[in-house]
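Listed below, chain by chain, are the residues.
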Protein chains: 2
Amino acid sequence: MKVVALAGGVGGAKLVDGLAQSLPPDDLTVIVNTGDDFEHWGLKICPDLDTVCYTLAGLANPETGWGRADETWHVLESVSALGGEDWFRLGDRDLGLHLERTRRLREGGLLSEITRDFCNAWGIGPTVLPMSDDPVPTLVATDEGLLPFQEYFVKRKCQPRVSGFIFEDVERSKPVSGMLDAFRESDLVVICPSNPWVSIGPILAVPGIMAALTPPPPLQDALSPLPIPILDEFDELGEGGVQGGGVRVVAVSPIISGKAIKGPAAKMYTELGIQPSALAVARHYRELITGFVFDRVDADQETAIRELGIQTLVTDTIMNTPHDRRRLAHDVLQFCERLISDKIESEMKERSRNDR
Amino acid sequence: MKVVALAGGVGGAKLVDGLAQSLPPDDLTVIVNTGDDFEHWGLKICPDLDTVCYTLAGLANPETGWGRADETWHVLESVSALGGEDWFRLGDRDLGLHLERTRRLREGGLLSEITRDFCNAWGIGPTVLPMSDDPVPTLVATDEGLLPFQEYFVKRKCQPRVSGFIFEDVERSKPVSGMLDAFRESDLVVICPSNPWVSIGPILAVPGIMAALTPPPPLQDALSPLPIPILDEFDELGEGGVQGGGVRVVAVSPIISGKAIKGPAAKMYTELGIQPSALAVARHYRELITGFVFDRVDADQETAIRELGIQTLVTDTIMNTPHDRRRLAHDVLQFCERLISDKIESEMKERSRNDR
């Protein structure tokens, strides 16, 4: 099964790691949010991309989920002693990445190419793609005004009240090279348990991505006499492959018992006037997903979610250990296999009905 | 006694430290070579400036003389693991300085202003000035072609054979603000035991500096009826102050027993066809200096040096310990006091002769 995962930071990276341990490297492509990217100390910082890569490389700090294990903070101490900005904590081992990436970007390299080379250097098997090579900085509209994402997130510790988001220049951005092909060749897109507003939202806002992910036109559409899967010349996969506009999408809820494991997702839902819940996340993605995975503690919401026309998997979604990551990935993949075979079965039935 | 010291890296920094411990902070200005400066990892690196500042701040690595004490190398390890350049070793604590300086330079700050602020942050008393706010990169002409200084010095470990030096754009550079005032207000300029070719040479090549340091016109000059010291309106010091063109200059030999304590000075003399010796250094500076300080092991060269018309001090010049630095600084300052009083005495004699 060829899988594309959409991911933000820590939570997303954990499921990506589980998927990477469950699939051959060639069968997993990870599209990572770059809306959090910013410049600090004159360096390009890509927090989500780095969290995903460090996690896949086995270099991540197991305590925080972000940054490097066995980290030291001597550069930060020096910068601070000289009166420089120290609100965003960059560790020493981590800084090597930012320095080398920034140097290569200044030489004209593309973020995606640099990420590919770094993944090779770190021995990462799956393909990791930033959502775009174009900068799409997230701005958070708050009661304190419009804040660049990291100022909201780190400097202001998510305290300002959120009223909306701007993905700046997103209309001019292009999906990263290889992303639409990856969708076309995939059997499944997994939306990882990342913040729907500021981690997954920016990815989905890049022009062309929603079109590649939304369900295909109805079967009775005159232009598609065959039920899905619709194969095309780019498809080397056989029956699993679905052209853009037909890929199955499954989301995993980042909200458990009304709260986010990490980060401001639940707070954002509340401030935007939506009660945070697994159901709220399912509604958020309803136009896009065929399946939704959420935690046992929220099992009472299953009926409401199924009433949205979405298939459900209720399971343990908290990933405290590496084993948890593999188990959730396994559950998600098994759920999707069932969805696909169900769908093929129902499509075959539908087709045979139409043929009569 | 108000003193200006001209310094390059490790050797120069040690004597500067000795002078700083022997003089009130307001009485010492240090002019540092910036010809070694270069860009690495996208950051502005100023090796000599940093060595002088770290030494004065008590932060220098006592083993190497350059870089920071208690240093770690985690950034370098990360950069190296990603295939980045690792021939120039930048430590973690050290990097904080390069990052913050580069950030401020990119914002339009002047190197001298940034250096002043950093010296304040580090609690450094004396004034430390880069020789110029304009870049004057040293190029080394070698049998392998023209090499940027750090490529010759660090990457190629001084192995190529030297045939000359280019201080690029020096003719367009300006002395750093405050330098000429410091000369004007000083009783003494000390050329520290730094490499005459590539540490002191670039400082002296900045337009206006040689003119400020070379001995004044002869006493019979019609325009200066008075013997030196010639006071002017900028002079607040009284008899010690000498206008540009009249300051006393004393050099300390970096060559001891035909060798440099550190660095390629002796090798450069040889490759340029000059036998390295204290005498060779005295000849190098003969147009500029009134006094020369060199090591006891070279005492046999004293007569030859005095025959150049230069006053001499033979003493222990190797600075292995902090005590050595203070002792040498004390010896140099005492020697200069004697020179000044001798000079004033001989000038008074000369004047009274002229008056008759």
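All values derive from a computational prediction rather than experimental measurement.

Next up on the list: the side chain of A:D295. Residue and element names in this part refer to chain A. Inspection of the secondary structure puts D295 in strand β13 (residues 291-295). Within the structure, D295 has its side chain in polar contact with the backbone nitrogen of V297 (distance 3.1 Å). In terms of polar contacts, D295 uses its side chain to reach the backbone amide nitrogen of T317, at 2.7 Å. Aside from chain neighbours lying at most four places away, what touches D295 is I256, V314, T315, D316, T317 and I318.

The next point concerns the interface of chain A and chain B. On the side of chain B, 26 residues touch chain A, which itself brings 26 residues to the contact. Between chain A and chain B lies a buried interface of about 2,200 Å² when both sides are counted; carbon and sulfur atoms form 66% of it. When the buried surface of chain A facing chain B is broken down by residue, A:H74, A:L82 and A:L99 rank first, second and third, together holding 29% of it. On the surface where chain A and chain B come into contact, there are two salt bridges.

Moving on to the packing of helix α1 (residues 10-20) of chain A against helix α2 (residues 47-57) of chain A. Residues and elements named next belong to chain A. Closest axis-to-axis distance for the α1/α2 pair is 9 Å, and the angle between their directions is 35°. In this structure, α1 meets α2 at a crossing whose hand is right-handed. On the side of α1, the interface is formed by V10, A13, V16, D17 and A20, while α2 contributes T51, V52, T55 and L56. Of the residues belonging to the contact of α1 with α2, the class tally is six nonpolar, two polar and one charged.

What follows is about the sheet that holds strand β8 (residues 162-167) of chain B. Residues and elements named next belong to chain B. Pairing is antiparallel across the open sheet formed by three strands, whose spatial order is β7-β6-β8. The open sheet terminates on both sides in strands that have one partner only, identified here as β7 (145-148) and β8. Going from strand to strand, the sheet's axes swing by 25° on average, the running direction of each strand aside. Relative to β8, strand β6 (residues 138-142) is paired through five bridges, and the arrangement is antiparallel. Directly across from L139, in β8, lies its bridge partner I166. On the sheet, helix α8 (residues 196-205) packs against β6 and β8 and is oriented at approximately 35° with respect to β8.

This part takes up α2(A). Among the eleven residues in α2(A), ten count as buried, and that is most of the element. Among the residues of α2(A), those classed as buried are A:P47, A:D48, A:L49, A:D50, A:T51, A:V52, A:C53, A:Y54, A:T55 and A:L56.

Moving on to the relation of the copies chain A and chain B. For these two chain copies, the linking operation is a rotation about an axis paired with a shift along it. Least-squares fitting of chain A to chain B yields an RMSD of 0.1 Å, with the transformation described by 0.0 Å of translation along the axis and a rotation of 180°. Such values leave the two copies arranged in the relation of a two-fold axis. Across chain A, the rotation axis passes nearest the C-alpha of A:D92, at a separation of 3.2 Å. Interface overlap between copies is the fraction of interface residues in one copy that are interface residues in the other; for chain A against chain B it reaches 100%, indicating a shared surface.

Relative to the helices and strands, A:G18 is located in helix α1. Filtering out sequence-adjacent residues up to four positions away, A:G18 remains in contact with A:R325, A:R326 and A:A329.

Attention shifts here to helix α4 (residues 92-106) of chain A. Residues and elements named next belong to chain A. Its 15 residues give α4 an end-to-end C-alpha distance of 21 Å, which sits within 8% of 21 Å, the value for a rise of 1.5 Å per residue. Taking burial as the measure, the 15 residues of α4 include eleven buried ones, the bulk of the element. Turning to α4, its buried residues are D92, R93, D94, L95, G96, L97, H98, L99, E100, R101 and T102. Among the residues trailing α4, G108 stands out with phi positive, at a value near 100°.

Okay, the sheet that holds β13(A) next. Pairing between the strands of a sheet is mediated by backbone hydrogen bonds and can be parallel or antiparallel. All names here are of chain A. An order of β5-β2-β1-β9-β10-β13-β14 is seen for the seven strands of this open sheet, with the pairing classed as parallel. Two strands bound the open sheet, and with one partner strand each, they are β5 (127-130) and β14 (311-315). Ignoring which end each strand starts from, the neighbouring axes of this sheet average 20° apart. In this structure, β13 lies alongside β14, joined through five bridges in parallel fashion. Paired with G291 across the strands is Q311, a residue of β14. Lying over the sheet, helix α8 (residues 196-205) contacts β1 (3-7), β2 (28-32) and β9 (188-191), oriented at roughly 120° with respect to β1.

Moving on, we get to the pairing of strand β10 (residues 248-252) of chain A. Residues and elements named next belong to chain A. With five of its five residues buried, β10 lies for the most part within the structure. Burial along β10 is two-sided: the residues R248, V250 and V252 and V249 and A251 are all buried. Pairing of β9 with β10 involves four bridges; the strand directions are parallel. When the sheet's bridge partners are listed, I191 is paired in β10 with A251. Here β10 runs beside β13; their pairing, made up of three bridges, is parallel. Across the sheet, V252 pairs through a bridge with V293, a residue of β13.

To continue, consider the confidence of the model for chain A. Caution applies to low-pLDDT parts of the model: their predicted coordinates are not meant to be read in detail. Residue and element names in this part refer to chain A. Across chain A, pLDDT averages 90, with 90% of residues at or above 70. Long-range and interchain partners of residues 218-245, a stretch whose pLDDT sits below 50, account for 49 contacts in this model, where long-range means more than four residues apart. Predicted complex metrics record ipTM = 0.86 and pTM = 0.87.

Before going further, it helps to spend a moment on the packing of aromatic side chains. For the structure on display, the rule yields 20 aromatic pairs over all chains. Between B:F149 and B:Y152, the aromatic rings sit 6.3 Å apart at their centres with planes inclined by 50°, giving tilted as the arrangement. With B:F149 and B:Y152 both in helix α6 (residues 149-155) and three residues apart, this pair spans about one turn of that helix. A:R89 extends its terminal NZ or CZ atom over the ring of A:W73, reaching a point 4.4 Å from the ring centre.

The rules we used
Residues numbered from 1 in each chain as written. Chains lettered and ligands numbered in written order. Predicted model: local features only at pLDDT ≥ 70, side-chain atom pairs only at ≥ 80, totals over all residues. Heavy atoms only, no water. Helix = DSSP H or I, 4+ residues; strand = E, 2+ residues; numbered from the N terminus. Polar contact = N/O pair within 3.5 Å; in protein donor to acceptor, adjacent residues only side chain to side chain. Contact = heavy atoms within 4.5 Å. Buried area = accessible area lost by both parts, 1.4 Å probe. Salt bridge = Lys/Arg side-chain N within 4 Å of Asp/Glu carboxyl O. Axes fitted to C-alpha atoms, helices over the stretch in contact; angles between N-to-C directions. Left-handed = near helix turned anticlockwise from the far one by under 90°. Nonpolar A, V, L, I, M, F, W, Y, C, P; charged D, E, K, R; others polar. Pairing = 2+ DSSP bridges. Buried < 20%, exposed > 50% of the residue type's maximum accessible area, 1.4 Å probe, protein only. Least-squares fit on C-alpha atoms with pLDDT ≥ 70 in both. Expected span 1.5 Å × (residues − 1). pLDDT = per-residue confidence, 0-100. Phe/Tyr/Trp six-rings, centres within 6.5 Å; stacked < 30°, edge-to-face > 60°. Lys NZ or Arg CZ within 6 Å of the ring centre and 35° of its normal.

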